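Each chain, letter by letter, is given below.
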Amino acid sequence: MATATTTKKPAAKPAVKKPKVKEPDIFLWEFKNPKGQMVRGEVKAQTLTDAKAQIRKLGYSNPKIKKKPKPLFGGAGKAIQPADIAVFTRQLATMMKAGVPLVQSFELVADGLENPSMKKMVLSIRDEVSGGGSFGGALRKFPKFFDELFCSLVESGEQSGTLETMLDRVATYKEKTEALKKKIKKALTYPIAVLAVALIVTGILLVKVVPVFAETFGSFGANLPAFTLFVLHLSQLAQAYWLPILAIAIAAGFSFSKAKQNSKQFADNVDRITLKVPVVGAIVNEAVIARIARTLSTTFSAGVPLVEALDSVSGAAGNAVYRDAVKRVRDEVTGGSMINVAFRSAGVFPTLLIQMCAIGEESGALDTMLEKVATHYEAEVDSKVDNLTALLEPMIMSVLGILVGGLMVAMYMPIFQLGSVV
């Protein structure tokens, strides 16, 4: 009788977990050379012994060495800001003007960066370029930080062999744009912050301080002034509904932000309304004109064809009204119109820009004329922001006085009346 034979499969070996490789630490070192000069640097190593060995290979014996301290609040998660991109561009332009090769320039710039996220991105771009890729192509992998204008100018510089000159122009453009943004933010942030603090203080007074006075007034047995009664009713409302009011305010702010991000029509309407706001609208108007002139000057001087330059300008305008106007200008220029005629027919651009474009087209120096326009409007924005700040300070003080002082007067009026009766 044949018996079936069964073969046992060998037991599977447990998977061996590979030990995690520890990220190397950064060690700072300094050494005084025979001439008395202090030489400093940093190395990456797993241990202090490895770091000392690396430094000895550089020819420095017995240097002072210490581990670089890590940021307290999770610096690895620090977001990359437009200002970081402007600094990176300027440093890279400086390195290349000094004759440093592109890949080495990335390494030198990365070594000096404090923001870990920015450093990681720069090293990633370096790896892409050193692997045979183009600089412009490497930048396009980070569209959140390098827009179409930036990438196009870099690619133009690579193709024409003038990358260092192009980077210098881009760096100037980014620096001017960021300086303008900071000015406008300064004009808007200060009054908003002060008024927000005033509202918070008023809310605390209504919820915590006024009820104490209300208990005292209850024992007077006399009619209270109308202003005091109004504040007491306001306090009762604040005590009963402060949480829903706060929730509604937060929800409204969040909804506004999301609607602006997700709805193009809503964002466009906000842009149109912003231009009509007294004082602030004039500042935003001139800032947009300065940005348009600066962008067009930078792209045109870089040899970008005018129609393509206007495409970049429409994307960098930062306001729906002017974005649509620049697109109409582009269509007219494509049809054969002069740019100053196209600007005039758009109906939103100032006379100075139109006249300077006409002079630039006649003299063949359109980029120079546009740069002068940009400089003029940037100076105008600076002046108006300073004037607005000076104007707002007394107005803000008045609002604070009315809110806080008014509450105090309302609370003390019954006490003054009681004193006069006694």
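Note that the structure is a prediction, hence the values are computed from the model and not measured.

What counts, and where the lines are drawn
- Residues numbered from 1 in each chain as written.
- Predicted model: local features only at pLDDT ≥ 70, side-chain atom pairs only at ≥ 80, totals over all residues.
- Heavy atoms only, no water.
- Salt bridge = Lys/Arg side-chain N within 4 Å of Asp/Glu carboxyl O.
- Helix = DSSP H or I, 4+ residues; strand = E, 2+ residues; numbered from the N terminus.
- Buried < 20%, exposed > 50% of the residue type's maximum accessible area, 1.4 Å probe, protein only.
- Expected span 1.5 Å × (residues − 1).
- Bend = angle between axes of the 7 residues up to and from the residue.
- Phe/Tyr/Trp six-rings, centres within 6.5 Å; stacked < 30°, edge-to-face > 60°.
- Pairing = 2+ DSSP bridges.
- Axes fitted to C-alpha atoms, helices over the stretch in contact; angles between N-to-C directions.

**Q** A description of the pattern of salt bridges should follow, citing residues and the corresponding values.
**A** Per the counting criterion, the structure on display carries 15 salt bridges. The shortest N-O distance in the salt bridge between Asp168 and Arg90 comes to 2.6 Å. One end of the pair, Asp168, is in helix H7 (residues 163–218); the other, Arg90, is in helix H2 (residues 82–97), and 78 residues separate them in sequence. Since its relative accessible area comes to 23%, Arg90 is described here as partly exposed. Among the ionic pairs, Glu155 bridges to Arg140, the shortest N-O distance being 2.8 Å. With Glu155 in helix H6 (residues 148–160) and Arg140 in the loop between helix H5 (135–139) and H6, the pair connects residues that are 15 residues apart, well separated along the chain.

**Q** Can you explain the side chain of Thr228? Please cite residues and give values.
**A** Structurally, Thr228 can be placed in helix H8 (residues 226–262). Assessed through its relative accessible area of 0%, Thr228 is described here as buried.

**Q** Give a description of helix H10 (residues 280–301) that names residues and reports values.
**A** Between its first and last C-alpha, H10 extends 32 Å over 22 residues, near the 32 Å set by a 1.5 Å rise per residue. Here H10 lies mainly inside the structure; 17 of its 22 residues are buried. Directly beyond the C-terminal end of H10, a positive phi value near 90° is found at Gly303.

**Q** How would you explain H8 if you had to name every residue and give the values?
**A** Between its first and last C-alpha atoms H8 spans 47 Å; for 37 residues at 1.5 Å apiece the expected length is 54 Å, and the helix comes up short by more than 12%. The axis of H8 is deflected most strongly, by about 70°, at Tyr241, and proline Pro244 appears within four residues downstream. For H8, the complete set of buried residues consists of Thr228, Val231, Leu232, Ser235 and Ala238.

**Q** Before we move on, can you summarise the packing of aromatic side chains with the specific residues and values?
**A** Where two aromatic rings form a pair, the distance of their centres and the angle of their planes describe that pair. In this structure the tally under the stated criterion is 6 aromatic pairs. Both rings, one in Phe88 and one in Phe146, keep their centres 6.2 Å apart while their planes meet at 65°; by these two values the pair is edge-to-face. Highlighted residues: Phe88 in helix H2 and Phe146 in the loop between H5 and H6, separated in sequence by 58 residues. With respect to class, Phe88 is no different from Phe146; both count as buried. Plain terms: the ring middles of Phe256 and Phe266 are 5.5 Å apart, the flat faces sit at 75° to each other, and that makes the pair edge-to-face. A residue pair is termed long-range when its members are at least 10 positions apart, and Phe256 in helix H8 and Phe266 in helix H9 (residues 264–276) qualify at 10 residues. Given the relative accessible area of 41%, Phe256 is considered partly exposed.

**Q** So what's going on with the sheet that holds strand S3 (residues 64–67)? Which residues, and what values?
**A** Strand order in the open sheet formed by 3 strands is S2-S1-S3, with antiparallel pairing between adjacent strands. For this open sheet the edge positions go to strand S2 (38–45) and S3, each flanked by a neighbour on one side alone. Strand-to-strand twist in this sheet, taken as the mean axis angle between neighbours without regard to direction, amounts to 20°. Where strand S1 (residues 25–32) lies against S3, 4 bridges are found, and the strand directions are antiparallel. Bridge pairing links Trp29 to Ile65 in S3.

Such coordinate-based values are descriptive only and should not be taken to indicate function.
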